[in-house]
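The primary structure of each chain is shown beneath.
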Amino acid sequence: VQLQASGGGLVQAGGSLRLSCVAPRTITSVFWDYTMSWYRQAPGKQRNLVASITGNRNTNYADSVKGRFTISRDNSKKTVYLHMNSLQPEDTAVYYCNAARSGDDYWGQGTLVTVSS
């Protein structure tokens, strides 16, 4: 069971992308209760949290993306988004979405974002 992430691609520095992640059917009835997060992993580096949003829509961001990225969710569509602006080469990574609730933990397959200078 995986979340389905999409929206990655190649973009020039300063550009924008929007990532989407759809929840699997097994959690759609309680999607509203899951904390949804985006992580990223650059080549040779560990996976790090980029942004998260709780069921109450409280958000949290890594310092490196504050003011440039925005996480949002549409509970009716069982989807979480990551709006990325002012992209920089250091944002290049595979981006993974995650759904977490009280011991339940789901991951997406990842979507590659490449930012050229």
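Here we summarise the structure given alongside this text.

Here is what the cut-offs are and how they apply
- Residues numbered from 1 in each chain as written.
- Predicted model: local features only at pLDDT ≥ 70, side-chain atom pairs only at ≥ 80, totals over all residues.
- Heavy atoms only, no water.
- Disulfide = S-S within 2.5 Å.
- Helix = DSSP H or I, 4+ residues; strand = E, 2+ residues; numbered from the N terminus.
- Buried < 20%, exposed > 50% of the residue type's maximum accessible area, 1.4 Å probe, protein only.
- 1 Å grid on protein atoms, 1.4 Å probe; cavity = no way out; pocket = protein on both sides within 12 Å on 5 of 7 lines; lining within 4 Å.
- Points joined across faces, edges and corners; volume = space filled by probe spheres on them.
- Nonpolar A, V, L, I, M, F, W, Y, C, P; charged D, E, K, R; others polar.
- Phe/Tyr/Trp six-rings, centres within 6.5 Å; stacked < 30°, edge-to-face > 60°.
- Lys NZ or Arg CZ within 6 Å of the ring centre and 35° of its normal.

### Here we look at the state of the cysteines
The full count for this structure, using the stated rule, is one disulfide. With its sulfur 2.0 Å from that of its partner, cysteine 21 forms a disulfide with cysteine 97. Torsion about the S-S bond of the cysteine 21 and cysteine 97 cystine: about 55 degrees, corresponding to right-handed handedness. A residue pair is termed long-range when its members are at least 10 positions apart, and cysteine 21 in strand E3 (residues 17-22) and cysteine 97 in strand E9 (residues 93-101) qualify at 76 residues. Take cysteine 21 and cysteine 97: they sit in the same class, and that class is buried.

### What about unusual backbone geometry?
For serine 86, which is not glycine, the phi torsion reads 50 degrees and is therefore positive. Note on placement: serine 86 falls in the loop between strand E8 (79-84) and E9. The class of serine 86 is partly exposed, set by a relative accessible area of 36%. One non-glycine residue, serine 102, lies in positive phi territory at about 40 degrees. Looking at the element boundaries, serine 102 is found in the loop between E9 and strand E10 (104-107). Exposure remark for serine 102: the relative accessible area of 79% places this residue in the exposed category.

### Quick word on the layout of surface pockets
A volume near 150 Å³ is recorded for the largest pocket. Taken together, 13 residues form the lining of the largest pocket, with Arg40, Ala42, Lys45, Asn48 and Glu90 sitting closest to its centre. Elements with a contribution of two residues or more to the lining of the largest pocket: strand E4 (35-41) and strand E5 (48-53). If you tally residues by element for the lining of the largest pocket, the top one is E5, at three residues. For the lining of the largest pocket, a count of residues per class yields five nonpolar, five polar and three charged.

### What to know about the packing of aromatic side chains
Per the counting criterion, the structure on display carries two aromatic pairs. Consider the rings of tyrosine 34 and tyrosine 106, whose centres lie 6.3 Å apart with planes at 55 degrees: the pair is tilted. In this pair, tyrosine 34 sits in the loop between E3 and E4 while tyrosine 106 sits in strand E10, placing the two residues 72 residues apart along the sequence. When sorted by exposure, tyrosine 34 lands in the same class as tyrosine 106, which is buried. Above the plane of the ring of tyrosine 96 lies arginine 47, whose end atom (NZ or CZ) is 3.6 Å from the centre.

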